[in-house]
Amino acid sequence: MLTIDCRDVASIKSELVVYVSDQVAAIPTLKIHEFMLSSLNDEKIDKNVVITAIKEFLESIGEGRNFAVISSNDVILIKSISGKTIERDPSPPSELFSCIHCGFVTNYEIELQNHMKIHYL
Ligand SMILES: [Zn+2]
C-alpha cells in the first residue's frame, strides 16, 4: 500500500485521487491530508507510475513547476517548492471530466465526448 501525502495540494486532492487511481488501477482510500492506494490484485503498485501520474496531473493544471514529488519507502510526498499551496475555490469542484461508464478522466470536455462514443458502439 502506498500513501500519498498531499497536504500542500489539499484543494485538488479529490481530482488527483481520481486521476492517479485510474492510471495505476488501484483502490484509493481518502484521509484528510493524504490518500492511500491499494492494488487491485496482490501485486505491488509501481511507485514510478504513481509519481508520473501525479506529475502529469500537476502539469495539466499548470502547477508542475511549483511542486516536487518526493518518494521515500511507501510514502509519496507532494511538496510545494515555493511554500505556496494551491488555493482553489471549492466550487465548482472539478475541472476534470470523467466518464460515467468507466471512470476515464480528462481535462477536456470534447475529449470526453469522443471517448464516450466507444461505449455506444
Ligand atoms: Zn468510458
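The structure contained in this document is the topic of the report that follows.

Parameters and conventions
- Residues numbered from 1 in each chain as written.
- Predicted model: local features only at pLDDT ≥ 70, side-chain atom pairs only at ≥ 80, totals over all residues.
- Heavy atoms only, no water.
- Donors = N, O, S within 2.8 Å, 3.2 Å for Na, K, Ca; no water.
- Tetrahedral: all angles 85-135°; square planar, octahedral: opposite > 155°, others 65-115°.
- Helix = DSSP H or I, 4+ residues; strand = E, 2+ residues; numbered from the N terminus.
- Buried < 20%, exposed > 50% of the residue type's maximum accessible area, 1.4 Å probe, protein only.
- Expected span 1.5 Å × (residues − 1).
- Salt bridge = Lys/Arg side-chain N within 4 Å of Asp/Glu carboxyl O.

**Some thoughts on the coordination of the zinc ion**
For the zinc ion, every protein donor is listed as Cys99 (SG), Cys102 (SG), His115 (NE2) and His119 (NE2), and the spread of their distances is 2.0 to 2.3 Å. In this structure, the zinc ion is coordinated by four donor atoms arranged in tetrahedral fashion, with angles at the metal of 102 to 118°. The sequence pattern describing where the donors of the zinc ion fall on their chain is C-x2-C-x12-H-x3-H. Within this pair, whereas Cys99 is found in the loop between β6 (97-98) and β7 (105-106), its partner His119 is found in the segment after α3 (109-116), the two being separated by 20 residues in sequence. Given the relative accessible area of 4%, Cys99 is considered buried. Exposure remark for His119: the relative accessible area of 31% places this residue in the partly exposed category.

**Brief notes about helix α1 (residues 13-24)**
Spanning twelve residues, α1 covers 16 Å between terminal C-alpha atoms, matching the ideal 16 Å at 1.5 Å per step. Turning to α1, its buried residues number three or more, namely Lys13, Glu15, Leu16, Val17, Tyr19, Val20, Ser21 and Val24. Of the residues trailing α1, Ala25 is marked for its positive phi of about 50°.

**Some words on the pattern of salt bridges**
Should the charged atoms of two oppositely charged side chains come close, the side chains can pair. Counted according to the given criterion, the structure contains three salt bridges. For Arg7, the salt bridge is made with Asp5, and the minimal N-O distance between the two is 3.2 Å. Under the relative-accessibility criterion, Arg7 is labelled partly exposed at 45%. Close ionic contact of Asp8 with Lys79 constitutes a salt bridge, the shortest N to O distance being 3.9 Å. A residue pair is termed long-range when its members are at least 10 positions apart, and Asp8 in the loop between β1 (2-5) and α1 and Lys79 in strand β5 (residues 75-80) qualify at 71 residues. Using a relative accessible area of 14% as the deciding quantity, one classes Asp8 as buried. Given a relative accessible area of 40%, Lys79 falls into the partly exposed group.

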